[in-house]
Amino acid sequence: MQQHPHTSRRRTGRLAGLTAALAAVVGLSTLTGPGAHAADNPYERGPAPTESSIEALRGPYAVSQTSVSRLAVTGFGGGTIYYPTTTADGTFGAIAVSPGYTALESSISWLGPRLASQGFVVFTIDTNTTLDQPDSRGDQLLAALDYLTQRSSVRNRVDSSRLGVMGHSMGGGGSLEAAEDRPSLQAAIPLTPWNLDKTWPEVRTPTLIFGADGDTIAPVSSHAEPFYNNLPSSLDRAYLELNNATHFTPNSSNTTIAKYSISWLKRFIDNDTRYEQFLCPLPRPSLTIEESRGNCPHTS
């Protein structure tokens, strides 16, 4: 039976409409897929995170390292730079890490490859002397970042607008000093920090403070907790107290410290909201976490 020409045209029109609708749906799903998020956020690095990926000893990036002699720098004591080996993903955010009172770079060196393998350039440093106080350590963290971004052999791998600081004990107190002195920093993570200054209303850098329930050198009641409480209430801030831990827990590989540090650095240095799920809602007390505080959801 011969089709009426109008019927044929109607069917052809319906097919064209269905094809267009299908193309729109496919296009929409493409826009809302992983590629779209990466396009919206040019700083995003690495695959979508999982609980196991941020708890792993190593992340998705192969890591290289280079030593920096204290004789080649001014303002701090040299150290080791850990960085993703690939150049295919462009530049990375960077973090400088300071040891504590009487300690050497080796006491915080485990953080270098662990953080770098998640997509950061990490500079674990020695200080000018092992007796330097927190204000000096803050200046040295900033000097290390300046060296990293301006003079180091990996400066072309670093995005100088996406920087952060970490530190243990007096180095943790120093990371607060650095954040106060340089508001452009994107993240600060003091680890069982010590500082005679208890109030930090000038800090504008998103800050995650780790305390330890068994810390007798910088007890949380006189250090980590007041530091957290005296940060601006409007700031993206968090406090995580480690359970069954001491002042020196940050000196060896620790999954809880790594997990939440990676999430904090990714969230605020890389603006990567894929990591918000590990920070908010706040982690519950567990075998490794005594308590946590913070303002969720984050707004930075």
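Residues numbered from 1 in each chain as written. Predicted model: local features only at pLDDT ≥ 70, side-chain atom pairs only at ≥ 80, totals over all residues. Heavy atoms only, no water.

### Things to note about the overall build of the protein chain
A count of helices and strands for the protein chain gives nine helices and nine strands. Counting all 300 residues of the protein chain, 52% fall into the buried class. Of all intrachain contacts in the protein chain linking residues separated by at least 6 positions in sequence, the fraction that spans at least 24 positions is 70%. When the accessible surface of the protein chain is totalled, it reaches about 13,200 Å², and 55% of it is carbon and sulfur. (Helix = DSSP H or I, 4+ residues; strand = E, 2+ residues; numbered from the N terminus. Buried < 20%, exposed > 50% of the residue type's maximum accessible area, 1.4 Å probe, protein only. Contact = heavy atoms within 4.5 Å. Areas by Shrake-Rupley, 256 points an atom, 1.4 Å probe, with all protein chains shown as cover.)

### Digging into the packing of helix α5 (residues 134-150) against helix α6 (residues 170-181)
Geometrically, a packed helix pair is captured by the angle between its two axes and the distance between the axes. Here α5 crosses α6 at 65 degrees, and the two axes come no closer than 7 Å. Of the two possible hands of crossing, α5 and α6 adopt the one that is right-handed. Contacts between α5 and α6 pair Pro134, Asp135, Arg137, Gly138, Asp139, Leu141 and Leu142 from the former with Met170, Gly171, Gly173, Gly174, Ser175, Glu177, Ala178 and Asp181 from the latter. (Axes fitted to C-alpha atoms, helices over the stretch in contact; angles between N-to-C directions. Left-handed = near helix turned anticlockwise from the far one by under 90°.)

### Some remarks on helix α8 (residues 255-269)
The end-to-end C-alpha distance of α8, which contains 15 residues, comes to 20 Å, matching closely the 21 Å that a straight helix rising 1.5 Å per residue would cover. In terms of residue burial, α8 counts as a mostly covered element, since 14 of its 15 residues are buried. Two to three positions downstream of the cap, the backbone nitrogen of Thr256 sits 3.1 Å from a side-chain oxygen, assigning the N-cap of α8 to Asn254. (Expected span 1.5 Å × (residues − 1). Polar contact = N/O pair within 3.5 Å; in protein donor to acceptor, adjacent residues only side chain to side chain.)

### Comments concerning the confidence of the model for the protein chain
Looking at the protein chain as a whole, the pLDDT averages 90, with 87% of positions reaching at least 70. Long-range and interchain partners of residues 1-38, a stretch whose pLDDT sits below 50, account for ten contacts in this model, where long-range means more than four residues apart. (pLDDT = per-residue confidence, 0-100.)

### Brief notes about the pairing of strand β2 (residues 79-84)
Within β2, six of the six residues are buried, which leaves it mostly tucked inside the rest of the structure. The pairing of strand β1 (residues 63-68) with β2 spans six bridges and is classified as antiparallel. What sits directly across from Ser67, in β2, is Thr80. When β2 meets strand β4 (residues 120-125), the two strands line up antiparallel, connected through four bridges. What sits directly across from Gly79, in β4, is Ile125. (Pairing = 2+ DSSP bridges.)

### Topic: empty space enclosed by the protein
In this structure the tally under the stated criterion is one cavity of 30 Å³ or more. A volume near 80 Å³ is recorded for the largest cavity. If you trace the largest cavity, you find 14 residues lining it, with Leu208, Ala238, Leu279, Leu282 and Pro283 closest to the centre. At the level of elements, β8 (237-242), α8 and β9 (289-294) are the ones that each hand at least two residues to the lining of the largest cavity. A per-element tally of the lining of the largest cavity places β8 first, with four residues. Among the residues forming the lining of the largest cavity, the class breakdown is nine nonpolar, three polar and two charged. (1 Å grid on protein atoms, 1.4 Å probe; cavity = no way out; pocket = protein on both sides within 12 Å on 5 of 7 lines; lining within 4 Å. Points joined across faces, edges and corners; volume = space filled by probe spheres on them. Nonpolar A, V, L, I, M, F, W, Y, C, P; charged D, E, K, R; others polar.)

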